[in-house]
Amino acid sequence: ELMLAEDEKEKAKAKPEEKKTVYTTTKENDQPSAVREETASLDSGQVADGILEVMGDGFGFIRCENFLPGENDIYVSPAQIRRLGLKTGDMVRGGIRVKNQGEKFAALLYVTSVNGLKPEEIQRRPKFENLTPIFPNEPLIVVRGPIIQAQFLETMILLTINHQSLIATKANRIVRAANGRAVLEFGSRRAQGADGAVMGARAAYIGGCAGTACTLVDRDMHIPALGTMAHSWVQMFPSEEDAFRAYARTYPDNCTLLVDTYNVLQSGIPNAIKVFREEVVSRGYRPKGVRIDSGDIAYLSKKVRKMLDAAGFEDCKIMASNSLDEYIIQDILKQDGKVDSFGVGERLITAKSTPVFGGVYKLVAVEKDGEMDPKIKISENVEKITNPGFKKTWRLYDRDTGKAIADVITMHDETIDDTQAYEIFHPEYTWKRKTVTNFVARPLQVPIFEKGICVYESPDLQTIQQFCKEQIDTLWDEMLRFENPHKYYVDLSQKLWDLKHALLQKYCIDCFK
C-alpha cells in the first residue's frame, strides 16, 4: 500500500511535458548509463531479474522463485508497466530501489532490459493479430522445439484454440444476423463449466457481442456486464406492478422491465407503461427498454412497439431473448420484428448447432542438424491427410478492393512476391489455375514466443474485437452466407504440393495391392 501511494504521488507530480528518462545497460556493469541524480540516490545497487506477473489492479511483481509468489518478489508500479507496455511472462531486469521502512516488498527503480532487449526496443514489439478469419486445413500455430516440450503443449493449445475459436465464430455469426443491433451474451448458466462461461464470454465479446451477463468477466476483463431484471424479481412481489415500481425506483436512470412473466400484452406492457410514467418520467428520466423472453418474438415485438409508441415512448427499446441463434434472429428480422437488441444464451455459449471445433496438433517435421525432415500423416479419410513440412500461411488481398482472394500455404523458406504475377491452383483439381495480379501478400503468422520468451504484445480486448470486425469485412458477402457459402480456397505452393505428393507416393506404393 505504501508503494501504491508513492506511485500515485509520483504520477501527480509528473508534468505532461516532462521527458521520460530511458535507461540502457552498459557492458561493463549492470548499472544504467543515464540515471538522474535523484534516481541514483535511491538505487540500492541490487539487481532484480525474474518473470513479471501483472495483477488485476495494474501493478505487478517480478517473481524471482520459479514464477511462484515469495518474500523476495519485486514490486513493479503501474506507471512502469504502462510506459513500457510490460506483460505477464516478460523477463524483466533492472535496479532495485532502496527499501523504505515498513515496506513488505522491495520495488523496481528502473528497467535495464525486457526479454533481453533494451526498454525502448520492447516498446516496438509487434502486436499479435487475434481473430483473423481462418479456413479448413490451414496451420494456425507452429510450435518448434524439443519434441517432449512440444508434446506437453498439445492439450492446452488445442483446448484453448478450439473452444474460444468455436465460441467467437458462433458469436460473430449471430452478430452478423442481428444486422447492427446489439447482441448480449447471456449463456453463463448453460455453459459447460465455470471456465466455459468465463472464457466463452471473452470469446463472444471478441466475436462482436456488446457485453455479457457474466459479472466476473466485467471485473477481471473489463467486458461490460449488461442485463435486465429476472423473472424471480417479479414473482417475489405481490403483483407485477409492485415489482416494476420497486425496480424503477431503484434504477430510474436505467430502467428496463421484463414483461413476459405473466402476459406480455395484457399485463406486462400496460404495467410497464404505467410505471414508466409514474416512477421514471416523474423523476426526470426516460425508460430504457422492455425485454421479451418467451412467445412469438416477431409477433409480440410488433404489438409491443405500437403500444409503446402510442404511449409516447418511441425511444423505449425492445430487447428479445429466448433460445435465440443466428437463424431465429434472421427470421425475426425478415418478418419485420421490432427488436432493438438480442440476449443470446445457450445456443451461443455452447455453439449448439456445431458444438465441436476440429483443430488438430500434428507432427510435420523433425529437425536434424539444422535440416528439416518432413513428415506426413496418411489416412483412408482423405481429409485427414496432413500437409508435411515446416510451413507458413499467406493471405492474398486485392490491392484495389482490399478483399481476400485466397490463402496459400508455402514452405517456410518461400516468399510470395506481390510485385509479380503469381499463379495459384486448386490443391486437388490441379488443372484449375488462376494468375493473380495487383495483389498484396501478407503472412498470417507472427512470432509469439521465441526461445521461451514472449516477443509480442497482445492488444486489449476492444482492439481485438475491432480487428476481428475489420478482418471479417475483407471477405466477400458470398463467403459469409450461413447456408451454402461460396468456397474460399486454401491453396498449396507448387513446392509444397510436390513434397506432399512425393511422400504420398513413397508411403503408399503398396496401398492398392
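Peer 1: It is not clear to me how the packing of aromatic side chains should be interpreted in this structure. Could you clarify?
Peer 2: Here a ring pair, both rings aromatic, is described through the centre-centre distance and the interplanar angle of the planes. Inspection of the entire model under this criterion finds 12 aromatic pairs. Relative to Phe-61, the ring of Phe-59 has its centre 5.8 Å away and its plane inclined at 90°; by these criteria the two rings are edge-to-face. Take Phe-59 and Phe-61: they sit in the same class, and that class is buried. Considering the side-chain rings of Tyr-327 and Phe-482, the 6.1 Å spacing of their centres and the 70° angle between planes classify their relative orientation as edge-to-face. Taken together, the positions of Tyr-327 in helix α13 (residues 326–334) and Phe-482 in the loop between α15 (461–472) and β21 (490–492) put the pair 155 residues apart, joining distant regions of the chain. For Tyr-327, a relative accessible area of 28% translates into the label partly exposed. Residue Phe-482 is classed as buried on the basis of its relative accessible area, which comes to 13%. Members of the aromatic cluster, connected to one another through ring pairs, are Phe-59, Phe-61, Tyr-75 and Phe-105.

Peer 1: Which parts of the structure should I look at to understand the environment of Trp-476?
Peer 2: Counting through the fold element by element, Trp-476 comes out in the loop between α15 and β21. Trp-476 gets classed as partly exposed once you look at its relative accessible area, which sits at 38%. Sequence separation between Trp-476 and Ala-404 is 72 residues, and the spatial gap between their C-alpha atoms is 7.7 Å. The residues contacting Trp-476, other than those within four sequence positions of it, are Thr-401, Lys-403 and Ala-404.

Cut-offs applied
- Residues numbered from 1 in each chain as written.
- Predicted model: local features only at pLDDT ≥ 70, side-chain atom pairs only at ≥ 80, totals over all residues.
- Heavy atoms only, no water.
- Phe/Tyr/Trp six-rings, centres within 6.5 Å; stacked < 30°, edge-to-face > 60°.
- Buried < 20%, exposed > 50% of the residue type's maximum accessible area, 1.4 Å probe, protein only.
- Helix = DSSP H or I, 4+ residues; strand = E, 2+ residues; numbered from the N terminus.
- Contact = heavy atoms within 4.5 Å.

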